[in-house]
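# Close look at the chain arrangement
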Amino acid sequence: PFFFLQAHFKTYFLSSVCGKAPLNTKIVGGQGAVQGSWPWQASLHRITSGSHFCGGSLINKVWVLSAAHCFQSTAVSNVKIYLGRQLQTGSNPNEISRTVTRLITHPSYSTTTQNNDIALLQLSSSVTFTDYIRPVCLAAAGSVFGGGTKSWITGWGKLKFADTQIPNILQEVQIPVVNNSVCNKAYGGIITSNMLCAGLDEGGKDSCQGDSGGPMANKNNSQWIQSGIVSFGRDCGIPKFPGVYTRVSQYQSWISSQISSDLPGFVSFPSTESSSGSPSLLLFSLSLTSLIIPLIFSLFVFS
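Report follows, based on the coordinates. As the structure is a computational prediction, the values presented were derived from the model and not from experiment. (Residues numbered from 1 in each chain as written. Predicted model: local features only at pLDDT ≥ 70, side-chain atom pairs only at ≥ 80, totals over all residues. Heavy atoms only, no water.)

## Observations regarding the packing of aromatic side chains
Condition: The pairing test for Phe, Tyr and Trp rings, Trp by its six-membered ring, is centres within 6.5 Å, and the orientation test on the planes gives stacked under 30 degrees, edge-to-face over 60, and tilted for anything in between. Counting from the N terminus, the helices are DSSP H or I runs at least four residues long and the strands are E runs at least two residues long. Buried means the residue's accessible area, taken with a 1.4 Å probe over protein chains only, is under 20% of the maximum for its type, while exposed means over 50%, and partly exposed covers the values in between. Over a ring means this: the NZ of a Lys or the CZ of an Arg is within 6 Å of the ring centre and within 35 degrees of the ring normal.
Applying the stated criterion across every chain, the model contains seven aromatic pairs. Ring geometry for Phe-145 and Phe-269: centres 4.5 Å apart, planes at 15 degrees, overall stacked. Highlighted residues: Phe-145 in the loop between strand S8 (137–139) and strand S9 (150–155) and Phe-269 in the segment after strand S15 (266–267), separated in sequence by 124 residues. Overall, the relative accessible area of 4% leaves Phe-145 in the buried class. What makes Phe-269 buried here is its relative accessible area of 9%. Relative to Phe-232, the ring of Tyr-187 has its centre 5.9 Å away and its plane inclined at 85 degrees; by these criteria the two rings are edge-to-face. Pair noted here: Tyr-187 is in the loop between helix H2 (180–186) and strand S11 (195–198) and Phe-232 is in strand S13 (residues 223–232), with a separation of 45 residues, a long-range link. For the pair formed by Tyr-187 and Phe-232, the shared burial category is buried. Of the aromatic side chains, those joined through ring pairs into one cluster are Trp-38, Trp-40, Trp-152 and Trp-224. Lying across the ring of Phe-53, Arg-46 places its NZ or CZ 4.4 Å from the centre. Sitting over the ring of Phe-129, Lys-61 keeps its end group 5.7 Å from the ring centre.

If you want it as structure tokens, here you go:
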């Protein structure tokens, strides 16, 4: 009973701490993020090249959440994680870095369908929370993100499909959730219940190459809850094809089974289901950018 109470207290404690971003005052967006706006955002670099290749999110003092497809050709020994980073080139006074001691990809991850595209990375040492480095809450099992739910995507991915370079400053964009039934029709039946879609019907706002593994987050009162992980899409920001994200709420049991102590804060998100199933939000424009995975319909690979 003592150990149960101790574990329960730790979970409750992190649930009350996670998802707080004191420096984030955003309501709508589509621009470079103000420093400290997304304190859980991680930048994953290959040590050999020193370059950013994927995103991630801090979920407690020693674990980062990302996408399994990011590590198909990158060894864990070649990964360095930056937290508190704002610029890819320039001064980052609030930044820290860690190497990775353990990588856990979902055992049922499919490279063909991208189902279960989720991974956990254990940091080489724990981090101290600051206004610039904080964990995000994770969507608890049963959370519902209905069509039209306002969602934020963040990362250093390309600003459009044909770009040869990533932006220097951390980018942010707000897009609405698209119902799975609508998304499934667009992608010809490949969308599963482990996936979550988001984007504008007219396109123009999306995630892209380099954003993979990064978070899709939703605000509930004063807490930010991660609903998705950037997974795949068709090109970047084209009409009728929303980006596809790993649905975090489907993995509460799996994540909890892999992390032995200091469980992340799992928080339920209420439903905001729309009757039409398609987004109808007036939002500002930015072509943020989603990794495109080879599935069907001439989808392309980016690493």
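## Some remarks on the sheet that holds strand S7 (residues 119–123)
Condition: What makes two strands pair is DSSP finding at least two bridges between them. Angular values range over 0 to 180 degrees, each being the angle between N-to-C directions of two axes fitted as lines to C-alpha atoms, with helices fitted over their stretch in contact.
The six strands lie next to each other as S2-S3-S4-S7-S6-S5, forming a closed barrel whose pairing is antiparallel. Taken over all neighbouring pairs, the strand axes of this sheet differ in orientation by 45 degrees on average, direction set aside. In this structure, strand S4 (residues 63–66) lies alongside S7, joined through four bridges in antiparallel fashion. Across the sheet, residue Trp-63 finds its bridge partner in S7, namely Gln-122.

## Some details on the pairing of strand S12 (residues 215–220)
Two faces, one strand: in a regular strand the side chains alternate between the faces of the sheet. Note: S9 against S12, two bridges, orientation antiparallel. Directly across from Ile-153, in S12, lies its bridge partner Met-216. In terms of strand pairing, S12 meets S13 through six bridges, oriented antiparallel. Across the sheet, residue Asn-218 finds its bridge partner in S13, namely Ile-225. Count of turn residues in the S12/S13 antiparallel hairpin: two residues, of which Asn-221 carries a positive phi of about 60 degrees.

## Examining the pattern of salt bridges
Selection criterion: Salt-bridge detection follows one rule: a side-chain nitrogen of Lys or Arg within 4 Å of a carboxyl oxygen of Asp or Glu.
Throughout the structure, instances matching the rule amount to two salt bridges. Residue Glu-95 pairs with Arg-85 through a salt bridge whose shortest N-O separation is 2.5 Å. With Glu-95 in the loop between strand S5 (79–83) and strand S6 (96–105) and Arg-85 in the loop between S5 and S6, this residue pair connects regions lying ten residues apart in the sequence. Since its relative accessible area comes to 23%, Glu-95 is described here as partly exposed.

## Considerations on the state of the cysteines
Heads up, the condition is: Cysteine sulfur atoms are paired as a disulfide whenever they come within 2.5 Å of each other.
Counting across every chain of the model gives three disulfides. In this model, Cys-18 is linked to Cys-137 through a disulfide, with the two sulfur atoms separated by 2.0 Å. Measuring handedness by torsion sign, the sulfur bridge of Cys-18 and Cys-137 sits at about 95 degrees and is right-handed. Placement of Cys-18 in the loop between helix H1 (2–17) and strand S1 (31–32) and of Cys-137 in strand S8 is noted, with a sequence separation of 119 residues between them. What makes Cys-18 buried here is its relative accessible area of 0%. On the basis of relative accessibility, which here comes to 0%, the residue Cys-137 falls in the buried class.

## Some details on the pairing of S11
Here S11 shows no split at all, with Met-195 and Cys-197 on one side and Leu-196 and Ala-198 on the other all buried. Sheet topology note: the strand S10 (residues 171–178)/S11 ladder contains two bridges and is antiparallel. Residue pairing in the sheet places Val-177 in a bridge with Ala-198 of S11. Bridging between S11 and strand S14 (residues 243–247) involves four bridges; their strand directions are antiparallel. When the bridges of S14 are listed, Leu-196 appears paired with Tyr-245.

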